[in-house]
Amino acid sequence: MRWSQMFAPTLRDDPAEADAPSHRLLLRAGYIRQLTSGHYSLLPLAVRVRAKIIEIVRQEMNAIGAQEMLLPALHPAEPWRRSGRWELMGQEMFRLKDRRGADHALGMTHEEIFATVARELNSYKQLPQQWYQFQTKFRDEPRPKGGLMRTREFTMKDAYSFDVDRAGLDASFDAYHGAYTRIFARLGLPALACEASSGTMGGAGSTEFMCPADVGEDLVAHSPACGYAANIERATSALPAASDGPGLPAPERFATPGVRTIDDLRAYDAPGDRQIKTLVYLLDGTLTLVLLRGDHALNEQKLVDATGAAEIRAAEPGEIQSALGALPGSLGAVGVALPVIADEALRGRRAMFTGANIDDMHLRGVDVDRDITVGAWADLREVTAGEPCPRCGEPLEIVRAIEIGHIFKLGDRYARALGAEVLDPDGKRVPIVMGSYGIGVERAMAAIVETHHDDRGIVWPPAVAPFQVAVVIAQSDDADVASAAESIYAGLLEAGVEVVIDDRAERAGVKFRDVELTGIPYRVTVGRRGLAEGVAEVTVRATGETEKIPLDAAAAHVRSLLAPA
């Protein structure tokens, strides 16, 4: 490829609309252009990187016996209605009607559609099956951001396993876990395998692969000491045992004028860990009290996971006052007939403080087991940095991270809904047990840039770089310099190296800047001074180190640098 013929519209300055480093650099280096919010055109350099990411993923999928398919991106509503997710997905699903008035959607994911194909399986002898595809997904993100990080149209590698039982699912899940570990290592992405919420996917459990990055939208609790890692939506910690003081025969009411917050109540000899925080939520339309320790915060995804609620929102002050007779700040669950779900940290606590459901009044001496009717106990609190790791007891770190992959144990939910059944060894018809495994291709591209860049531009790992080598003609108007550079270029092409020659009539500084900005791993520079010495300069993008190599050995030297270690 000749740079003079290549469409790589690099920019001198950072685009004003770019926030994340990957967004800024992919725009500046001529990889992407925005069409509208959340929709990007991938230009030639990006397409080359994308193809390499796909090929790495494909190789690892094939290595575990997965078979590639391609299913429609436009889905009829019927299978989504059968699974219950037509309503559950809400506004993020792009929906439309065809000319006959039938409901359709642009696919956010493909569990229902793959389960439909799986109805053609009829015997346990055909299992396990592993199927995957690379397909465009559509999500009506309310706030697309970060360039390719969060978009409304993107490529997903989604894979699905089909087994006869849970033991088979566990084996498939482990195989994908291993494949994902290898994929991210080959892509140059540091990946923490984290316990995670299954969200709207459902199922018995899931693991997220998270890449630490300052621009990450997720928070991960991580123990460097033992390797424990969990999304904040699933993370736990080992809380020290509480030491409650002597209790009272019954809760005692006392006046708390102007008290509205946990901190306000501390003035009444009520430390945060001895207070019961009472939150009021509507869960699928049912007003519910959510109780936590006063110094703990609620993680809403944990509440969703614990209750299975499809619709969740905090109650409005008017709704709260109508149901409880008081405004937030004086709320409690003592003697209340509403459903109550409480965090595990409150189990067995005595001599606690809580609101009396009368404005400016609180209760002391509350015994949780005696005085509150808790309908359900769950882990609801959000872990904070410094709390003890649940495995090793060392302090947890909270790090920002990008989700780069997610694997789910779906179970038989979709098979039951869509009628995907097989005969088991006893001749009984049983639903197929499924797993689901996703990697966002363009998001992986952005995550690589987040992880591999410097103040001069992108620093692609060689495995995914659009070109492995750039040959730069320092003085394009010098025939001898150009001839020597062309000779090295031809030698690299003949050896199968992915190489571009910068033959533009530009200053050497402009060419060097563009090679660095676009992140090509190796640069071979041929100029008048080097030609006089009989050498070319070989520069490693990642380190900036430059070697002088004899002209007739330059191509071979670069090939040796590209050879696997």
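Residues numbered from 1 in each chain as written. Predicted model: local features only at pLDDT ≥ 70, side-chain atom pairs only at ≥ 80, totals over all residues. Heavy atoms only, no water.

Engineer: Any chance you could break down the overall build of the protein for me, citing the residues and the numbers?
Structural biologist: For the protein, the count of helices and strands is 16 helices and 31 strands. Projected onto its principal axes, the C-alpha positions of the protein cover 100 × 65 × 50 Å. Evaluated residue by residue, the protein yields a buried proportion of 52% over its 565 residues. Of the contacts made within the protein by residues no fewer than 6 positions apart, 69% connect residues no fewer than 24 positions apart. Accessible surface, the protein: about 24,300 Å² in total, of which carbon and sulfur atoms supply 49%. Of the side-chain charges in the protein, 62 are positive and 79 negative, and the distance between the mean point of each set is 2 Å. (Helix = DSSP H or I, 4+ residues; strand = E, 2+ residues; numbered from the N terminus. Buried < 20%, exposed > 50% of the residue type's maximum accessible area, 1.4 Å probe, protein only. Contact = heavy atoms within 4.5 Å. Areas by Shrake-Rupley, 256 points an atom, 1.4 Å probe, with all protein chains shown as cover. Lys, Arg positive; Asp, Glu negative; His and termini not counted. Charge placed at Lys NZ, Arg CZ, Asp CG, Glu CD.)

Engineer: Could you give an account of the nonpolar core, naming the residues involved and the relevant values?
Structural biologist: The biggest cluster of nonpolar side chains holds 61 residues, and the ones touching the most others in it are Tyr-31, Ile-53, Met-61, Tyr-180, Phe-184, Leu-187 and Trp-460. Per-element tally for this core: the top contributor is helix H2 (residues 44-63), with eight residues. When near neighbours in sequence (up to four residues on either side) are disregarded, Tyr-180 contacts Met-61, Lys-157, Phe-209, Gly-405, His-406, Ile-407, Tyr-437, Gly-438 and Ile-439. Among the nonpolar cores identified, the runner-up in size contains 28 residues, and Leu-127, Phe-162, Tyr-414 and Ile-432 belong to it. (Core = buried A, V, L, I, M, F, W, Y, C linked by side-chain atoms within 4.5 Å.)

Engineer: Could you give me a rundown of the sheet that holds strand S31 (residues 546-550), with the residues and numbers involved?
Structural biologist: Across the sheet, which stays open at both edges, the five strands sit in the order S28-S27-S29-S30-S31 with mixed pairing between neighbours. Whereas interior strands pair on both sides, the edge strands pair on one side only; in this sheet they are strand S28 (499-502) and S31. Here the strands of the sheet are splayed against their neighbours by 25° on average, with no regard to which way each runs. Lying on the sheet, helix H13 (residues 479-494) is in contact with strand S27 (469-473), S28, strand S29 (522-526) and strand S30 (535-540); it crosses S27 at an angle near 165°. (Pairing = 2+ DSSP bridges. Axes fitted to C-alpha atoms, helices over the stretch in contact; angles between N-to-C directions.)

Engineer: Go over unusual backbone geometry with me, naming the residues and quoting the values.
Structural biologist: Residue Leu-127 is joined to Pro-128 through a cis peptide bond whose omega torsion reads 5°. In this fold, Pro-128 is placed in the loop between helix H5 (111-117) and strand S7 (129-138). A positive phi angle, close to 60°, is found at Asp-269, a residue other than glycine. Unlike most non-glycine residues, Ala-351 shows phi in positive territory, near 55°. Relative to the helices and strands, Ala-351 is located in the loop between strand S17 (340-343) and strand S18 (352-355).

Engineer: Please set out the state of the cysteines residue by residue, giving values where relevant.
Structural biologist: Scanning the model with the defined rule gives zero disulfides in all. Unpaired in this structure, Cys-194 has its nearest cysteine sulfur neighbour in Cys-211, at a distance of 11 Å. In this structure Cys-226 is a free cysteine whose sulfur lies 3.6 Å from that of Cys-392, the closest cysteine sulfur available. (Disulfide = S-S within 2.5 Å.)

Engineer: Can you tell me about the packing of aromatic side chains, naming the residues and giving the values?
Structural biologist: Under the definition given, this model contains twelve aromatic pairs. Centroid distance Phe-173 to Tyr-437: 6.4 Å. Interplanar angle 50°. Geometry classified as tilted. In this pair, Phe-173 is assigned in helix H6 (residues 166-186) and Tyr-437 in strand S24 (residues 433-440), connecting sequence segments 264 residues apart. No difference in accessibility class separates Phe-173 from Tyr-437, as the two residues are buried. When the centroid spacing of 5.9 Å and the interplanar angle of 90° are considered together, the rings of Tyr-180 and Phe-184 count as edge-to-face. Residue Tyr-180 and its partner Phe-184 are located together in helix H6, separated by four residues, close to a single helical turn. (Phe/Tyr/Trp six-rings, centres within 6.5 Å; stacked < 30°, edge-to-face > 60°.)

Engineer: How would you summarise helix H16 (residues 554-562) if you had to cite specific residues and measurements?
Structural biologist: Residues separated by three or four positions in an α-helix point in the same direction, a consequence of the helix having 3.6 residues per turn. Along H16, the positions that sit buried rather than exposed are Ala-554, Ala-555, His-557 and Val-558. One side of H16 carries all its buried residues, which in axial view fall inside an arc of 160°. Structurally, H16 contributes buried residues whose contacts are with S27, H13, S29, S30 and S31. (Arc of directions from axis to C-beta.)

Engineer: Give a description of helix H8 (residues 300-307) that names residues and reports values.
Structural biologist: For H8, the full list of buried residues reads Lys-302, Leu-303 and Val-304. Against strand S14 (276-283), strand S15 (286-293), strand S16 (312-314) and S17 lie the buried residues of H8. You can read the cap of H8 off the contacts: a side-chain oxygen lies 3.1 Å from the backbone nitrogen of Gln-301, and it is on Asn-299. Where H8 terminates, the next one or two residues include Gly-308, which has phi positive at roughly 70°. (Polar contact = N/O pair within 3.5 Å; in protein donor to acceptor, adjacent residues only side chain to side chain.)

Engineer: Describe the side chain of Asn-231, listing the residues and the values that go with them.
Structural biologist: Here Asn-231 shows up in strand S12 (residues 229-231). Taking the relative accessible area as the measure of exposure, Asn-231 reaches 1% and is therefore buried. Setting aside anything within four residues of it in sequence, one finds Asn-231 in contact with Cys-194, Glu-195, Ala-196, Glu-208, Met-210, Asp-218, Leu-219 and Val-220.

Engineer: Any chance you could break down the packing of H2 against H6 for me, citing the residues and the numbers?
Structural biologist: Following both chains from N to C, one finds H2 and H6 inclined at 150°, their axes separated by 10 Å at the closest point. When the axis of H2 is compared with that of H6, the two are roughly antiparallel. The way H2 lies across H6 gives a crossing that is right-handed. Across the interface between the two elements, Ile-56, Val-57, Gln-59, Glu-60 and Met-61 from H2 touch Tyr-176, Ala-179, Tyr-180, Arg-182, Ile-183 and Arg-186 from H6. Of the residues that constitute the contact of H2 with H6, the class distribution is seven nonpolar, one polar and three charged. (Parallel < 35°, antiparallel > 145°, perpendicular 65-115°, else oblique. Left-handed = near helix turned anticlockwise from the far one by under 90°. Nonpolar A, V, L, I, M, F, W, Y, C, P; charged D, E, K, R; others polar.)

Engineer: Can you tell me about the sheet that holds S16, naming the residues and giving the values?
Structural biologist: An order of S16-S14-S15-S17-S20 is seen for the five strands of this open sheet, with the pairing classed as mixed. In this open sheet, the two strands that pair with only one neighbour each are S16 and strand S20 (376-378). With direction set aside, neighbouring strand axes in the sheet form an average angle of 30°. Contacts between H8 and the sheet are confined to S14, S15, S16, S17 and S20, with S14 contributing the most and set at about 60° to the helix.

Engineer: How would you explain the packing of H13 against H16 if you had to name every residue and give the values?
Structural biologist: Running from N to C, H13 and H16 point in directions that differ by 40°, and their axes come no closer than 9 Å. One element, H13, and the other, H16, form an angle in the oblique class. Our pair here, H13 against H16, has a crossing hand that is right-handed. Of the residues in H16, those in contact with Ile-488, Gly-491 and Leu-492 of H13 are Ala-554, Ala-555, Val-558 and Arg-559. Residues of the contact of H13 with H16, tallied by class, amount to five nonpolar, one polar and one charged.

So, to be careful, I would describe these as geometric facts and stop short of saying anything about function.
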